[in-house]
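Given next are the chains, with one letter for each unit.
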Amino acid sequence: MKDSNDKLSEQEKVGSASDLANFASALLNPSAAWMNDGLCAHSDSEAFFPDKGVLSDEAAFICGECPVKEICFQYAMTNGIEYGVWGGVSERERNRLRRAV
Ligand code: SF4
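Here the structure is a predicted model, which means the values were calculated and not measured. What you see as residue numbers is a count from 1 along each chain, following the sequence as written. Side-chain atom pairs in this predicted model are given and counted only at pLDDT of 80 or more, local residue features only at pLDDT of at least 70, and totals for whole chains, interfaces and linings cover all residues.

## Remarks on the site of the ligand
Here is step 1 of the chain: For the ligand, the set of nearby residues contains 14 residues, the closest of which are Gly 38, Cys 40, Cys 63, Cys 66 and Cys 72.
Here is step 2 of the chain: Numbering of helices and strands runs from the N terminus, with a helix taken as a DSSP run of H or I at least four residues long and a strand as a DSSP run of E at least two residues long. Looking at the shell around the ligand, the elements that each hand over two or more residues are helix H2 (57–65) and helix H3 (69–78).
Here is step 3 of the chain: Class assignment of the residues belonging to the shell around the ligand gives a composition of ten nonpolar, three polar and one charged. As used in this record, a residue near a molecule or strand is one whose C-beta atom, placed from the backbone, is within 6 Å of it. Only Asp, Glu, Lys and Arg are considered charged, only Ala, Val, Leu, Ile, Met, Phe, Trp, Tyr, Cys and Pro nonpolar, and every remaining residue, Gly among them, polar.

## What to know about the confidence of the model for the chain
Here is step 1 of the chain: What pLDDT expresses is the predictor's confidence in each residue, scored from 0 to 100. On average, the chain scores 80 in pLDDT, and the residues at 70 or more come to 69%.
Here is step 2 of the chain: A low-confidence stretch, residues 1–14 stays under pLDDT 50, and its non-local contacts, those more than four residues away or across chains, total one contact. Contacts here follow a simple rule: the backbone-placed C-beta atoms of the two residues must lie within 7 Å.

## Focus: H2
Here is step 1 of the chain: Those residues of H2 not exposed but buried are Ala 59, Ile 62 and Cys 63. Seen end-on, H2 carries its buried residues on one side only, within an arc spanning 95°. Exposed side chains of H2 directed beyond 90 degrees from the buried face belong to Asp 57, Gly 64 and Glu 65.
Here is step 2 of the chain: Tucked into the core, H2 has its buried residues touching H3. Think of it as a crowd count around each C-beta: if 20 or more other C-beta atoms lie within 10 Å the residue is buried, if 12 or fewer it is exposed, and in between it is partly exposed, with C-beta placed from the backbone throughout. By arc we mean the arc of the directions from the helix axis to the C-beta atoms, nothing more.

## Side note on the environment of Glu 93
Here is step 1 of the chain: Position of Glu 93 among the secondary structure elements: in helix H4 (residues 91–100).
Here is step 2 of the chain: Along the chain, Glu 93 and Val 54 lie 39 residues apart, while their C-alpha atoms are 8.0 Å from each other.

If you want it as structure tokens, here you go:
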């Protein structure tokens, strides 16, 4: 029998897969052409999709130098993307911001 922690992990995995699918779909969307200018397109993708939902030093540094940082953050907030680092903001930080609004 699974406990509540197992159930939460399964929910998180479903959300993760969904967000990754949204990310892949967005890459193919002409209105999201700004993604081609994102520095993460040429970086280790694991740094931007960390297991624990926190911002890694590597992702923070790369996002800090990224020319599309602001639009990336707005895209994630507007589209309710829960998983991954967007605009230099971790999923935990975005969730905190959503709750504060
Ligand atoms: S701000 Fe960060 S996550 Fe967004 S496109 Fe740039 S490097 Fe990628």
